[in-house]
Amino acid sequence: MTLVLGIESSCDETAAALVDGEGRIVAQRIASQDEAHAPYGGVVPEIAARAHAERLAPMIASVLADADTALTECDAIAATAGPGLIGGVMVGLVSAKALAMASDVPLIAINHLEGHALSPRLADRALEFPYALLLVSGGHCQILRVDGVGRYRRLATTIDDALGEAFDKTAKILGLSFPGGPAVERLAKGGDAQAVPLPRPMLKSREPHFSFAGLKSAVLRAHNSGQYEAADIAASFQRAAIDCLLDRLRVSFERMDAVPTLVVAGGVAANAAVRSALEGFAAERGMGFTAPPPALCTDNAAMIAWAGIERLALPDFTPSPLDLLARPRWPLDPEAEAVRGAGVKA
Ligand code: KG4
Ligand code: ZN
């Protein structure tokens, strides 16, 4: 049975996991750095890199010990090589290279976004290509058609903020704890989603792209006006964000050959309101819907190991060279055109 060690360190979760060819997570450990970054209300790259450097090596040893497995029993070491905060990515990638060299196990450099993109197939082994993917995380907000491993066509991206970022900024405005997404979701449960009039940026635009900067500014204005309860702002924000997701999916689907399944992945996919809205949207269109369990939506190493398993199975698989460099930017679809107005987040 194929066995792959996965390593993830591109943002603020340090994670290692062993996953087998059947998609069983044999062992995994994950350490969040929430407490270290909380005083700053966001991830501080230098603090993140140092924390990864301190934690990763003992964590990998623990995961192997948990599974009573030697590194030499692994078929490959899969490590996130980008995109992400470069210091953290380098810690994970250099660790993986050292282990690969010392144990003579092949290295597989994984695109973190591919980890998210394939995570639904780890969670649901019956999910087949092609599928439509809504990838919503702290750094990305994209709609892609996934035709196979390494075969991604991007239809939409954000021209400013990612959706997770908009959740985090809303949380900060409302004085909620870091990380913001789960805090906004909790508060929204007790709020009225109709109470605060907020914009739906890009609504009805013929281009399928996203924009969340205007929504965030409107949240700030609503908060500063002193007219609204925080819970109502949170609920109205979440509703506006969901309306944007559904509208942008509608426009993207006009540009895509029909696919049987809608899939959501990335940190924001952990949000129950987002999941149920997408499920309803897919059902209306006669599409299947799948979302990984929340723990596989936010950053983790099992999805990186799984992407390694999927890559190992490709007929033209070749291990990554040990002189491969970390990539702070690494689009899933290199052919996708740059979007007018988009910053560095594509
Ligand atoms: O995928 P992820 O763990 O890291 C990146 O690759 O960016 O996504 C993190 C993002 C953060 O912005 C976080 O606030 C958001 O996902 N998030 C959520 C929820 N859980 C995490 N957003 C909304 N609702 C949630 N329950
Ligand atoms: Zn991620």
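Keep in mind the model is a prediction, meaning the values are calculated, not measured.

**Quick look at the overall build of the chain**
On a plain count of helices and strands, the chain comes out with eleven helices and ten strands. Taken against the 2.2 N^0.38 rule, which gives 20 Å for 346 residues, the C-alpha radius of gyration of the chain at 20 Å falls within 12% of a compact globule. Dimensions along the principal axes, computed over C-alpha positions, put the chain at roughly 60 × 45 × 35 Å. Looking at the chain as a whole, 53% of its 346 residues qualify as buried. Long-range pairs, those at least 24 residues apart, make up 73% of the contacts in the chain between residues at least 6 apart in sequence. When the accessible surface of the chain is split by element, carbon and sulfur atoms take 52% of a total near 14,400 Å². When the 31 positive and 40 negative side-chain charges of the chain are each reduced to one mean point, those points stand 7 Å apart.

**Quick word on the pairing of strand β6 (residues 131-136)**
Buried residues dominate β6, accounting for six of its six residues. The two faces of β6 match: Tyr131, Leu133 and Leu135 on one face and Ala132, Leu134 and Val136 on the other face are all buried. Here β6 runs beside strand β7 (residues 141-148); their pairing, made up of six bridges, is antiparallel. Following the sheet pairing, Leu134 is matched in β7 by Ile143.

**A word on unusual backbone geometry**
Glycine aside, negative phi is the norm for most residues, and most peptide bonds take the trans geometry. Of the consecutive residues Phe129 and Pro130, the connecting peptide bond is found in the cis state with omega at -5°. Mapped onto the secondary structure, Pro130 falls in the loop between α4 (112-123) and β6. Cis geometry is adopted by the peptide bond preceding Pro179, which originates at Phe178 and carries an omega value of 0°. Locating Pro179 in the fold gives a position in the loop between α5 (163-173) and α6 (180-188). Of note in the backbone geometry, Asp68 takes a positive phi value of approximately 50° without being a glycine. Relative to the elements of secondary structure, Asp68 occurs in the loop between α2 (45-66) and β4 (76-82). Judged by relative accessible area, which is 69%, Asp68 ranks as exposed. Notably, Met202 is not glycine yet its phi reads approximately 75°, a positive angle.

**Points about the packing of aromatic side chains**
Centre distance and the angle of the planes are the two values used to describe a pair of aromatic rings. Throughout the structure, instances matching the rule amount to four aromatic pairs. Ring centres of Phe167 and Phe237 lie 4.9 Å apart, and the angle between their planes is 85°; this geometry places the pair in the edge-to-face category. Of the two residues, Phe167 sits in helix α5 while Phe237 sits in helix α8 (residues 230-254), which places them 70 residues apart along the sequence. Phe167 sits in the buried class, given a relative accessible area of 2%. Aromatic side chains Phe210 and Phe212 sit 5.9 Å apart centroid to centroid with 20° between the ring planes, which places their arrangement in the stacked category.

**A word on the sheet that holds strand β1 (residues 3-8)**
Pairing in this open sheet of five strands is mixed, and the strands run β3-β2-β1-β4-β5 from one edge to the other. The sheet is open, and its two edges are formed by β3 (25-32) and β5 (107-111), each paired on a single side. For this sheet, the mean inter-axis angle between neighbouring strands, taken without regard to orientation, is 20°. As paired strands, β1 and β4 are joined by four bridges and run parallel to one another. Bridge pairing in β4 links Val4 to Ala76. Sitting on the sheet, helix α3 (residues 86-103) touches β1, β4 and β5, and the angle it makes with β4 is about 155°. Of the strands in this sheet, β1, β2 (13-20), β3, β4 and β5 are in contact with helix α11 (residues 302-312), which crosses β2 at around 40°.

The rules we used
Residues numbered from 1 in each chain as written. Chains lettered and ligands numbered in written order. Predicted model: local features only at pLDDT ≥ 70, side-chain atom pairs only at ≥ 80, totals over all residues. Heavy atoms only, no water. Helix = DSSP H or I, 4+ residues; strand = E, 2+ residues; numbered from the N terminus. Rg over C-alpha atoms; globule rule 2.2 N^0.38 Å. Buried < 20%, exposed > 50% of the residue type's maximum accessible area, 1.4 Å probe, protein only. Contact = heavy atoms within 4.5 Å. Areas by Shrake-Rupley, 256 points an atom, 1.4 Å probe, with all protein chains shown as cover. Lys, Arg positive; Asp, Glu negative; His and termini not counted. Charge placed at Lys NZ, Arg CZ, Asp CG, Glu CD. Pairing = 2+ DSSP bridges. Phe/Tyr/Trp six-rings, centres within 6.5 Å; stacked < 30°, edge-to-face > 60°. Axes fitted to C-alpha atoms, helices over the stretch in contact; angles between N-to-C directions.

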